[in-house]
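Each chain, letter by letter, is given below.
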Amino acid sequence: QQQVKQSPQSLIVQKGGISIINCAYENTAFDYFPWYQQFPGKGPALLIAIRPDVSEKKEGRFTISFNKSAKQFSLHIMDSQPGDSATYFCAASRETSGSRLTFGEGTQLTVNP
Amino acid sequence: DGGITQSPKYLFRKEGQNVTLSCEQNLNHDAMYWYRQDPGQGLRLIYYSQIVNDFQKGDIAEGYSVSREKKESFPLTVTSAQKNPTAFYLCASSRTRGTEAFFGQGTRLTVV
């Protein structure tokens, strides 16, 4: 059972544009929502994370928006750069289960120069 | 430098052979995890361990086995019972509760 659904599967944006990736979850017990960035042949690395007590979190060009009632959260990348080209995964977990993360399917982002 | 080391980076095995993937961490984390990554399917949890000498099955444990004899080490054995073992395998670790998971660089296993 896929508990975290991610869209789109792939995304192409121009340099300087805004990249938006969306995720929806089913399990209302989830209370930790990280986004990971993965470059080809490498392991994922944490980009930014949010807990459901806030609706938005911003770190540099990266922003998570969180809608608890809709059970949705999204990643916005402002002023997208070619170096942002990577695969992005949303994930969710229950704090009581440690980092037993459930991942979305991933979005392959390409930023054209 | 602290981190997670997976070895080898690439591994080739013949069908029917068992193979063991290594994962070592020096972050003093209690919890360790094994994920499998296939194109278009995200990361799926194979096994996880929150303490030495204890581990639990994840979502796709069939055909895999693990051990956790030391805090620093969490090897994964892909057995001949795994029907489709060719994949990218990722090991991760974290402190026990709700914190960042750190991933290794992965092992790409190809079974021919």
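Everything discussed here concerns the structure shown above.
Residues numbered from 1 in each chain as written. Chains lettered and ligands numbered in written order. Predicted model: local features only at pLDDT ≥ 70, side-chain atom pairs only at ≥ 80, totals over all residues. Heavy atoms only, no water.

(A) Examining the packing of aromatic side chains more closely. If you walk through the whole model with that rule in mind, you get 18 aromatic pairs over all chains. Consider the rings of Phe103(A) and Tyr35(B), whose centres lie 5.4 Å apart with planes at 85°: the pair is edge-to-face. You can see Phe103(A) sitting in strand E10 (residues 102-103) and its partner Tyr35(B) sitting in strand E4 (residues 31-37), one on each of two chains. For the pair shown, Phe103(A) and Tyr35(B) are each scored as buried. (Phe/Tyr/Trp six-rings, centres within 6.5 Å; stacked < 30°, edge-to-face > 60°. Helix = DSSP H or I, 4+ residues; strand = E, 2+ residues; numbered from the N terminus. Buried < 20%, exposed > 50% of the residue type's maximum accessible area, 1.4 Å probe, protein only.)

(B) Representation of the state of the cysteines. Across all of its chains, the model carries two disulfides over all chains by this definition. A sulfur-sulfur distance of 1.8 Å marks the disulfide that ties Cys23(A) to Cys90(A). Here the disulfide of Cys23(A) and Cys90(A) is left-handed, its torsion about the S-S bond being about -95°. Of the two residues, Cys23(A) sits in strand E3 (residues 19-25) while Cys90(A) sits in strand E9 (residues 86-92), which places them 67 residues apart along the sequence. Each member of the pair, Cys23(A) together with Cys90(A), is buried. The partner cysteine of Cys23(B) in its disulfide is Cys91(B), sulfur to sulfur 1.9 Å. Across the S-S bond of Cys23(B) and Cys91(B) the torsion is about -75°, and the bridge reads as left-handed. Of this pair, Cys23(B) sits in strand E3 (residues 19-25) while Cys91(B) sits in strand E9 (residues 87-94), placing them 68 residues apart in sequence. (Disulfide = S-S within 2.5 Å.)

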